[in-house]
Amino acid sequence: MTTVFRIGLLGASRIAPPAVITPAKADGGFVVSAVAARDPERAKAYADEHDIPAVAEDYAALVERQDVDVVYNALPPASHAEWTIAALQAGKVVLCEKPFARNAAEARVMVEAAVASGRPLLEAFHYRFHAVMRRAEALVREGALGALRSAAAEFHAPIARGPGELRWLADQGGGGMMDLGCYPLHALRTLIGAEPEIADADGVFEDGVDTAISAELAFPGSVRARIACSMTPPAPSAWLRLEGERGQLEIQNFLAPQIGCRFTTTIDGETVSHPTDGPTTYAAQLRHLHEVLTGEALPLTGGADAIANMTAIDSIYAAARA
């Protein structure tokens, strides 16, 4: 019999329906049992819309509920540390949206709280769990490209200003690097399997929020890399490329292969198109979480990985503002 875990939602967010509510209905290993929002009336309307059986009075009440096993923290980054730690201390497992925290210092405290509680804490880098990323990682690890020489990754997406658009609010942890750039950074760290030094960075800032960031990274083994992101491009795009002594690996739309993806390698002069099928990134994320909770897998995100990603983001911001 499949063990079913009950998820409580922190925040009546736009991301929860595609990321958790819809895949949970199809998974069989999860049910969404409760939701809480700053405005209880909004939480009730959200629960009615998405057939969520219970509404908690506030965030504190949600993390203490007995009918919640897993807390999905989709609050603004400025609230990630506070409520992730509260949920862990209440004995809950936490799936925390990216970016993990506002900075590495917060990330460390969150991870320490997870260790102290003995409960898993995962960062919701949904792309990480898809078959495309796992296939790419396997190719790199088995040495298909030979010794790596260079890498690049970018994510650009138009994000309109507007009332309540948190990604344009510095005090809520907004900014292009936090919302978009964290993905290419994480992807290159994952595939290269090492931590970078920040060689240089440039940014465009408005009202304390970075609208665009580019950074030059230096990985061990003399691997040079570049990442970039923008909240004001003419059109969205997301891609990554690795160059090795034997050839190249490239993925167009590594973030959400389910909506269109091209994954190719050119090795020793031969170009191969690799499969891009598999469950959606969000379905794969929940399946991985279930495997972690049942002891079938170790977490692919969170812990030292989350601290390292935030440490690199801190360094990129420092360099871009210098």
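Here we summarise the structure given alongside this text. Given the structure is predicted, the values throughout are model-derived calculations rather than measurements. (Residues numbered from 1 in each chain as written. Predicted model: local features only at pLDDT ≥ 70, side-chain atom pairs only at ≥ 80, totals over all residues. Heavy atoms only, no water.)

Some thoughts on helix α1 (residues 16-27)
This is how the line gets drawn: Whether a residue is buried, partly exposed or exposed follows from its accessible area with a 1.4 Å probe, protein chains only, as a fraction of its type maximum: under 20%, in between, or over 50%, in that order. Working definition: helices are DSSP H or I runs of at least four residues, strands are E runs of at least two. Numbering for both runs from the N terminus. Working rule for contacts: check all heavy atoms of both residues, and any pair within 4.5 Å makes them a contact.
Those residues of α1 that fall on the buried side of the exposure criterion are A16, P17, A19, V20, I21, P23 and A24. Check the buried side of α1 and you find it contacts β1 (5-10), β2 (30-36), α2 (40-50), β4 (70-73) and α8 (281-293). Of the residues one or two after α1, G28 is the one with positive phi, at around 90°.

Some remarks on the packing of aromatic side chains
To be explicit about the condition: Any two rings among Phe, Tyr and Trp, with Trp reduced to its six-membered ring, count as a pair given centres within 6.5 Å; such a pair is stacked if its planes are under 30 degrees apart, edge-to-face if over 60, and tilted if neither.
A full pass over the atoms with the stated rule returns 7 aromatic pairs. Aromatic side chains F155 and Y183 sit 5.7 Å apart centroid to centroid with 80° between the ring planes, which places their arrangement in the edge-to-face category. Placement of the pair is F155 in strand β7 (residues 148-156) and Y183 in helix α7 (residues 176-192), with a sequence separation of 28 residues. The residues F155 and Y183 share a single accessibility class, namely buried.

Overview of the side chain of H186
We count it as follows: Definition of a polar contact: a pair of N or O atoms within 3.5 Å, with one able to donate and the other able to accept a hydrogen when the atoms are protein atoms, and with sequence-neighbouring residues admitted only if both atoms are side-chain atoms.
Here H186 lies in helix α7. Note on H186: relative accessible area 0%, which makes it buried. At a separation of 2.6 Å, a polar atom in the side chain of H186 contacts the side chain of Y127. For H186, the residues in contact, after removing those within four places along its chain, are F125, Y127, R128, T301, D305 and N309.

Notes on the pairing of strand β14 (residues 270-273)
For clarity, the threshold we go by: Should DSSP find at least two bridges between two strands, the strands are taken to pair.
Alignment of strand β13 (residues 262-267) against β14, held across 4 bridges, turns out to be antiparallel. Bridged to I267 within β14 is E270. Hairpin remark: β13 followed by β14, antiparallel, with 2 residues in the connecting loop; positive phi at D268, about 50°.

Regarding the pattern of salt bridges
Worth spelling out the cut-off: The salt bridge definition used is simple: a Lys or Arg side-chain nitrogen within 4 Å of an Asp or Glu carboxyl oxygen.
Applying the stated criterion across every chain yields a total of 19 salt bridges. Close ionic contact of E137 with R128 constitutes a salt bridge, the shortest N to O distance being 3.2 Å. Given a relative accessible area of 5%, R128 falls into the buried group. The salt bridge partner of R226 is E216, with a shortest N-O separation of 3.9 Å. Of this pair, R226 sits in strand β10 (residues 223-230) while E216 sits in strand β9 (residues 209-219), and the two are 10 residues apart along the sequence. Residue E216 is classed as partly exposed on the basis of its relative accessible area, which comes to 34%.

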